[in-house]
Amino acid sequence: MKNVTRLFVMMIIAIITSSMTSCLKDNDNETTPITPEEAMRYMFQIGGEYSGKLFFYNDTITTSSTKIDSVAATVSITANDSTIMLKGIPGRAFSKLLPSTQYESLRKALDNVPPIDLTIRYVFYSATEDQFVYYGVYPMSKTIKLNYDGADHSITFNFYSLINAYGQYFKNQTYFPLYLTEVRLDNMLERSFTVSGYYTDNNCIYNFRGAK
């Protein structure tokens, strides 16, 4: 398992460092690519349990034009297999992406599902002199089984990888975004979101911020 993880790290680092040059944080410190050996060391440094908040779009908010909601969430980062587990996401964080007039029953069903966990692979790719470490995130698709209107259904959420979907770690704090690209109901495309450079549909972005 360790050999497979090391091979994955080396392969993805090679891809990222050749294709990504932008920096998540504006500062005067030059970022430098991380070697596979440094990546293994950072894995154990970043590993652990984080408590924080997940920020997401909520179309029912009327007190703010941005309609950004948040819930308490936890993250578990495992060092030896490059995995992030984002835990305890309420179904309403996903239901609010679907228009209420067209998907009223589905939204209600999602609102009542047990807390949702997301699995994310991560790979370090650069660091700055002041010890900000940047990593790419690779969210796995999430399928949820539902029953509403007298029938069984499955809804799948697909996420984007690489294009500006990278996080940062600094002094026991971490931040990362997730970009939703597709919502599929019973394997049929129901809604898609545009991801292009730094610009995307605001209501498909999820941000986690937390600390150990």
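Up top is the structure.
Please read these numbers as outputs of a predicted model, since none were measured by experiment. (Residues numbered from 1 in each chain as written. Predicted model: local features only at pLDDT ≥ 70, side-chain atom pairs only at ≥ 80, totals over all residues. Heavy atoms only, no water.)

1. Focus: the packing of aromatic side chains
By the definition in use, this model includes eight aromatic pairs. Taking the centre distance of 6.0 Å and the plane angle of 70° together, the rings of Tyr122 and Tyr135 count as edge-to-face. A residue pair is termed long-range when its members are at least 10 positions apart, and Tyr122 in strand S5 (residues 116-127) and Tyr135 in strand S6 (residues 133-139) qualify at 13 residues. When its relative accessible area of 0% is taken as the criterion, Tyr122 is described as buried. Here Tyr135 falls in the buried class, since its relative accessible area comes to 0%. (Phe/Tyr/Trp six-rings, centres within 6.5 Å; stacked < 30°, edge-to-face > 60°. Helix = DSSP H or I, 4+ residues; strand = E, 2+ residues; numbered from the N terminus. Buried < 20%, exposed > 50% of the residue type's maximum accessible area, 1.4 Å probe, protein only.)

2. Considering the environment of Gly47
The topology assignment puts Gly47 in the loop between helix H2 (36-46) and strand S2 (48-57). The contact partners of Gly47, leaving out residues within four places of it in the chain, are Ile77 and Lys212. (Contact = heavy atoms within 4.5 Å.)

3. As for unusual backbone geometry
Non-glycine residue Asp149 carries a positive phi angle of around 50°. Structurally, Asp149 is set in the loop between strand S7 (142-148) and strand S8 (151-160). In this structure, Lys171 is a non-glycine residue whose phi angle is positive, near 50°. By secondary structure assignment, the location of Lys171 is in the loop between strand S9 (166-170) and strand S10 (173-185). Residue Lys171 is classed as exposed on the basis of its relative accessible area of 64%.

4. Side note on the pattern of salt bridges
Overall, the coordinates contain five salt bridges when judged by the stated rule. One salt bridge connects Glu182 with Arg184, and the closest N-O pair in it is separated by 3.0 Å. Judged by its relative accessible area of 23%, Arg184 is partly exposed. (Salt bridge = Lys/Arg side-chain N within 4 Å of Asp/Glu carboxyl O.)

5. Thoughts on the nonpolar core
In summary, soluble globular proteins display a tendency toward joint burial of nonpolar side chains. Formed by 50 residues in total, the largest nonpolar core has its most connected members in Leu86, Phe124 and Ile155. When residues in this core are grouped by element, the largest group, six residues, is from S5. (Core = buried A, V, L, I, M, F, W, Y, C linked by side-chain atoms within 4.5 Å.)

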